[in-house]
Amino acid sequence: MGTPAPAYADRQLPAHVIAKSPLMQAVFHDTSLIAASESRILITGESGVGKEVLADVIHAWSARAAGPMVKVNCAAIPETLLESELFGHEAGAFTGAQKRHVGRFEQADGGTLFLDEIGDMPASLQTRLLRVLAEGEFYRVGGRELIKADARVVAATHQDLDRKVAEGRFRADLLHRLDVVRIHLPALRERRVDVPRLAERFLARAARELHLEPKRFSARALEQLARHDWP
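Just so you know, these numbers come straight off a predicted model, no measurement behind them.

Trainee: Help me understand the overall build of the protein chain in this model?
Mentor: Across its full length, the protein chain holds nine helices and nine strands. Every one of the 231 residues in the protein chain was classed for burial, and the buried ones make up 41%. For the protein chain, the exposed surface amounts to about 12,700 Å²; the carbon and sulfur share of it is 52%. Averaged over its 32 positive side-chain charges, the protein chain has a centre that lies 3 Å from the centre of its 31 negative ones.

Rendered as structure tokens:
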């Protein structure tokens, strides 16, 4: 039998989440308090620290858990398509728009919209997103019908948005709207106590996927992994 996942108030961490270190336990304690609110949340931390995993936990622990969890990676979608992806478009709105497309805000109605890599959002869309967050309504691209969508926005970034604001590359008023509550996820080198369990989890998964007998790390190997800085 494995060690049971730590409980946070009346919440239990998903089985795939490893957070034994005091830093991570503090993160999830705070998350258990924040998730129940309707506040927008900005998750910060280096690439690969698990910001999307935390967003999933926030949704699962919220009153919106029965609603949809919709995700958009702002860095992975070309600028010309991101507006349509977020807000949808009407048939004929642009070349190739043969039918109405419902955007992610509408899809997330009653649930959570996760905007990953929000720091890469183009300036023109920052203005439109600000308006939607302020008013709770928008038009599809090429549309005249005012759309209302009740989606809780959780955003994430590995960038220093305060610096981007100071440099004029991110709107201060948009950051103010998104950064109602900020949760910072520590890098793996700051939570080394979790490294052995993470390594064993990934090794076991690899063995299953490759149809191999279960493998184990030597004590020395785990020690070396825990000493690594994991840049």
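Here the narrative resumes, following the displayed structure.
Trainee: How do you make sense of the sheet that holds strand E3 (residues 41-44) when you look at a structure like this?
Mentor: Across a sheet, strands are paired by hydrogen bonds formed along the backbone, either parallel or antiparallel in direction. The five strands are arranged E4-E5-E8-E3-E9 in an open sheet whose pairing can be described as parallel. Looking at strand neighbours, the two that pair on one side only are strand E4 (69-73) and strand E9 (181-184), the edges of this open sheet. In this sheet, adjacent strand axes meet at a mean angle of 20° when their direction is disregarded. Pairing analysis gives four bridges linking E3 to E9, with the strands arranged parallel.

Trainee: Teacher, can you tell me more about the pattern of salt bridges here?
Mentor: One side chain can pair with another of opposite charge once the charged atoms of both are near each other. Scanning the entire structure with this criterion turns up 18 salt bridges. The salt bridge partner of glutamate 52 is lysine 71, with a shortest N-O separation of 2.8 Å. With a gap of 19 residues between them, glutamate 52 in helix H2 (residues 51-60) and lysine 71 in strand E4 connect regions that are remote in the sequence. According to the relative accessible area criterion, lysine 71 is partly exposed, its value standing at 30%.

Trainee: What is the right way to read the packing of helix H8 (residues 195-209) against helix H9 (residues 219-227) from this model?
Mentor: Two elements in contact, H8 and H9, have axes separated by 9 Å at closest approach and are oriented at 115°. Between H8 and H9 the crossing geometry is right-handed. Packed against H8, whose contacting residues are Val195, Pro196, Ala199 and Glu200, the element H9 presents Leu222, Leu225 and Ala226 at the interface. Its residues assigned to classes, the contact of H8 with H9 shows six nonpolar, no polar and one charged.

Trainee: How do you make sense of the pairing of strand E5 (residues 112-116) when you look at a structure like this?
Mentor: Two faces, one strand: in a regular strand the side chains alternate between the faces of the sheet. Buried residues dominate E5, accounting for five of its five residues. What you see with E5 is no split at all: Thr112, Phe114 and Asp116 on one side and Leu113 and Leu115 on the other are buried throughout. Sheet topology note: the E4/E5 ladder contains five bridges and is parallel. If you follow valine 72 over to E5, its bridge partner there is leucine 115. In terms of strand pairing, E5 meets strand E8 (residues 152-157) through four bridges, oriented parallel. Considered in E8, the bridge of leucine 115 is made with alanine 155.

Trainee: Sorry, what's going on with the nonpolar core here?
Mentor: Soluble globular proteins tend to pack their nonpolar side chains together in the buried interior. Phe105, Leu113, Leu115, Ile118, Leu129 and Leu178 are the most contacted members of the largest nonpolar core, which totals 29 residues. Mapped by element, the contributors of at least two residues to this core are E4, helix H3 (79-87), E5, helix H5 (123-135), E8 and helix H7 (172-178). No other element matches the five residues that H5 contributes to this core. Once residues lying within four places of it in the same chain are set aside, the contact partners of leucine 129 are Phe87, Phe105, Leu115, Ile118, Met121 and Leu174. Formed by 21 residues, the second largest nonpolar core is a distinct cluster that contains Ile41, Val49, Ile58 and Trp61.

Trainee: Where do I start with the environment of valine 72 in this structure?
Mentor: Within the secondary structure layout, valine 72 lies in strand E4. Valine 72 has contacts with Ile77, Leu82, Leu86, Arg104, Leu113, Phe114, Leu115 and Asp116, leaving out every residue within four places of it along the chain.

About the criteria used
Residues numbered from 1 in each chain as written. Predicted model: local features only at pLDDT ≥ 70, side-chain atom pairs only at ≥ 80, totals over all residues. Heavy atoms only, no water. Helix = DSSP H or I, 4+ residues; strand = E, 2+ residues; numbered from the N terminus. Buried < 20%, exposed > 50% of the residue type's maximum accessible area, 1.4 Å probe, protein only. Areas by Shrake-Rupley, 256 points an atom, 1.4 Å probe, with all protein chains shown as cover. Lys, Arg positive; Asp, Glu negative; His and termini not counted. Charge placed at Lys NZ, Arg CZ, Asp CG, Glu CD. Pairing = 2+ DSSP bridges. Axes fitted to C-alpha atoms, helices over the stretch in contact; angles between N-to-C directions. Salt bridge = Lys/Arg side-chain N within 4 Å of Asp/Glu carboxyl O. Left-handed = near helix turned anticlockwise from the far one by under 90°. Contact = heavy atoms within 4.5 Å. Nonpolar A, V, L, I, M, F, W, Y, C, P; charged D, E, K, R; others polar. Core = buried A, V, L, I, M, F, W, Y, C linked by side-chain atoms within 4.5 Å.

What is shown is where atoms sit, not what they do.
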